[in-house]
Structure formats: structure tokens, C-alpha cells
Amino acid sequence: MDSLDHFLSMGGYARFVWPAYALAVIVLAGFAIEGVVTYRKNRRELDAVEKKRR
Amino acid sequence: MLRLANPNRFMQWSGKLLPWCAIATVILLGVGTYMALFVAPPDYQQGESVRIMYIHVPSAMMSTFVYAVMAVSSAVALIWRHPVADIAARESAPLGAGFTLLCLVTGSLWGKPMWGAWWVWDARLTSELVLFFLYLGYIALVNAFDEPTRGARAGAILALVGVINLPIIKFSVDWWNTLHQPESIFRLGGPTIAPSMLWPLLIMVLGFAAFFVTLLLLRMRSALMAAKLRAIRLQQIEAA
């Protein structure tokens, strides 16, 4: 457990290092999720409209 | 180039490329994060706080790279009136703003323990903040017009004027006295950073770049589908 404690404490810089990584995850995951959700929504709507036209 | 940029052609090749870009992104960011947190050594002066670099430097590089992509797309859209170039510029902007925000905040989190200040008004930091406002201004301007083509033209002109900021960011650490450290990777005479830190950093940079390409393709495909949807609905209204 000592090594885990050592890792999490980041040599005393935990309160600077972890927020930096957390924000990176939030920004990148946010873009990825929003991108996929919008893509699927547009795909669905476009497929529905094109089906009706045929 | 112009052939590949035809909207239908774009949908074809981007659909094939997208899954590979996504896979590359996941692998690069996975390996990069592992190396940044577990393999890379602590710095002899900065200790473990140096691990912020593996987020800060890639997001800083992407913040200016994405702006360059946006400016080139804007120029192509202005000169050839190309709809796909226009969409490329428009969909790059939020991603660039995200990278710039990440760069500014992680820089702040790194600056506090190393310089003793969250923020200083020096040339590098100020020009990067200006870049952030350029992105926000571009996004606001493009969406400010009822007619999308007019918004796109106004945005394109703003994006091109803002290019002047890129060399200012790049050379700010040489032109002015600054707290920010000078270039340590892309310099004459080779990198001054140790290989044990350079490798994880390069993998993270590639991971961020792959992420940008993946998301840009995804967002452009979304935007093209939305445009097609609008056109079909407009036809239906006119036919009715």
C-alpha cells in the first residue's frame, strides 16, 4: 500500500497533478461523448427522412 | 485534393478512415498516459510536478496547430468557396478552444508550485490567452448571422487576421524576458529534454493529434449530415 500512497501523493504535488489529469479527461471525454451523440442523432434523423422519400 | 473534398467523396473516405483514427487515438493516449504516470522519471528539480508537462505541452501544441488548420481551411473556403473547407474551419474551432483552455489551466496548475503564481502577465501566457479569445470570438461571430454563408465569411476573415498571433506565441519566449521556459523540443541542435521524458511526451503529442483528427472527422461528418437534412426538409416545405 505504501507504493500506492506514494503514487497518489505525487511527491506532495497531488493537488496540482491530479486536477490537471482530471481536466484533461473531462475535456477529451466531453468532446468524444458529445461528438458521438450528435453523430448518431443526425445519422438516425437523416436515415428516417431518406427512407420516407423513397 | 479538391476531388477528395467533394462532400460525397468526403463522406466515403472519412467513414473508412474514422475507425482507424479512433483506434490509434485510444492506443496512443493509453500508452502515453501510462508512460507519463508510471514510466517517466520525476524531474531532479521539479519532482513529480513535472508530470503535468505530459498534458500541458501536447495541449499547448494542439492549441496552435488547430488554429493553423482553422486558418488554412478558412483561406480555402474564402478563395474557392468550398463548403467542406468551411465546415472544417467551423468544426475545428471548439476543439481548438478546448485544447487552449486545457493548456491555460494545466499551465496555471504547474505555475503555482514552480513559479509561486497561478498567473503572470508575461508574453507567452498573454498571447496564449489571446488565442483562447480568438477562438471564442470566431465561434461567436460564425453563429451571429442568420445566413450561415455570411457568418462563415466573417469568421474566415477573423481567423486569417488572428494568424499574426501564432508567431507571437511561438517566439514570445525568445523575444521577451519571460518566466516561461524556452523551447526544448523543436530547436536547432536537438532537444534538450532527456529521452526518458521525451518519448512519453511525443506519444502524448501524437495521441492528442490523433484525437483531434478523429473528432474533426466525426464532427465534419455530423455537420454534413445536418446540412443534408436541412436541405431535404427545405425541399419538402417548398414542395408542400
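Analysis parameters
- Residues numbered from 1 in each chain as written.
- Chains lettered and ligands numbered in written order.
- Predicted model: local features only at pLDDT ≥ 70, side-chain atom pairs only at ≥ 80, totals over all residues.
- Heavy atoms only, no water.
- Axes fitted to C-alpha atoms, helices over the stretch in contact; angles between N-to-C directions.
- Helix = DSSP H or I, 4+ residues; strand = E, 2+ residues; numbered from the N terminus.
- Parallel < 35°, antiparallel > 145°, perpendicular 65-115°, else oblique.
- Left-handed = near helix turned anticlockwise from the far one by under 90°.
- Nonpolar A, V, L, I, M, F, W, Y, C, P; charged D, E, K, R; others polar.
- Buried < 20%, exposed > 50% of the residue type's maximum accessible area, 1.4 Å probe, protein only.
- Contact = heavy atoms within 4.5 Å.
- Buried area = accessible area lost by both parts, 1.4 Å probe.
- Salt bridge = Lys/Arg side-chain N within 4 Å of Asp/Glu carboxyl O.
- Polar contact = N/O pair within 3.5 Å; in protein donor to acceptor, adjacent residues only side chain to side chain.

**Student:** How should I be thinking about the packing of helix 2 (residues 53–80) of chain B against helix 3 (residues 83–115) of chain B in this particular structure?
**Tutor:** Residues and elements named next belong to chain B. One way to put it is that helix 2 packs onto helix 3 with a least axis distance of 7 Å and a crossing angle of 155 degrees. Between helix 2 and helix 3, the crossing angle belongs to the class labelled roughly antiparallel. When the axes of helix 2 and helix 3 are compared, the crossing they make is left-handed. A per-class count over the contact of helix 2 with helix 3 returns 17 nonpolar, 10 polar and one charged.

**Student:** Could you clarify how one ought to interpret unusual backbone geometry in this entry?
**Tutor:** For residues that are not glycine, phi is negative in most cases, and the peptide bond is trans in most cases. The phi torsion at M10 of chain A lies on the positive side, around 50 degrees, for a residue other than glycine. For M10 of chain A, a relative accessible area of 2% puts it in the buried group. Of note, R81 of chain B is a non-glycine position whose phi angle comes to about 50 degrees, a positive value. For R81 of chain B, a relative accessible area of 60% gives the class exposed.

**Student:** Is there a simple way to explain the interface of chain B and chain A in this structure?
**Tutor:** Interface size is commonly expressed as the accessible surface area that is lost when the partners come together. Contact with chain B, which involves 40 residues of that partner, is made by 30 residues of chain A. Carbon and sulfur atoms make up 78% of the surface buried where chain B meets chain A, a total of about 3,000 Å² over both sides. For the pair chain B and chain A, the number of links is three salt bridges. Scanning the region where chain B abuts chain A turns up six residue pairs in polar contact (both at pLDDT 80 or more). Residue assignment for the side of chain B that touches chain A shows that the elements contributing at least two residues are helix 1 (7–39), helix 2, helix 3 and helix 7 (195–239) of chain B. Top contributing element to the side of chain B that touches chain A by residue count: helix 7 of chain B, with 15 residues.

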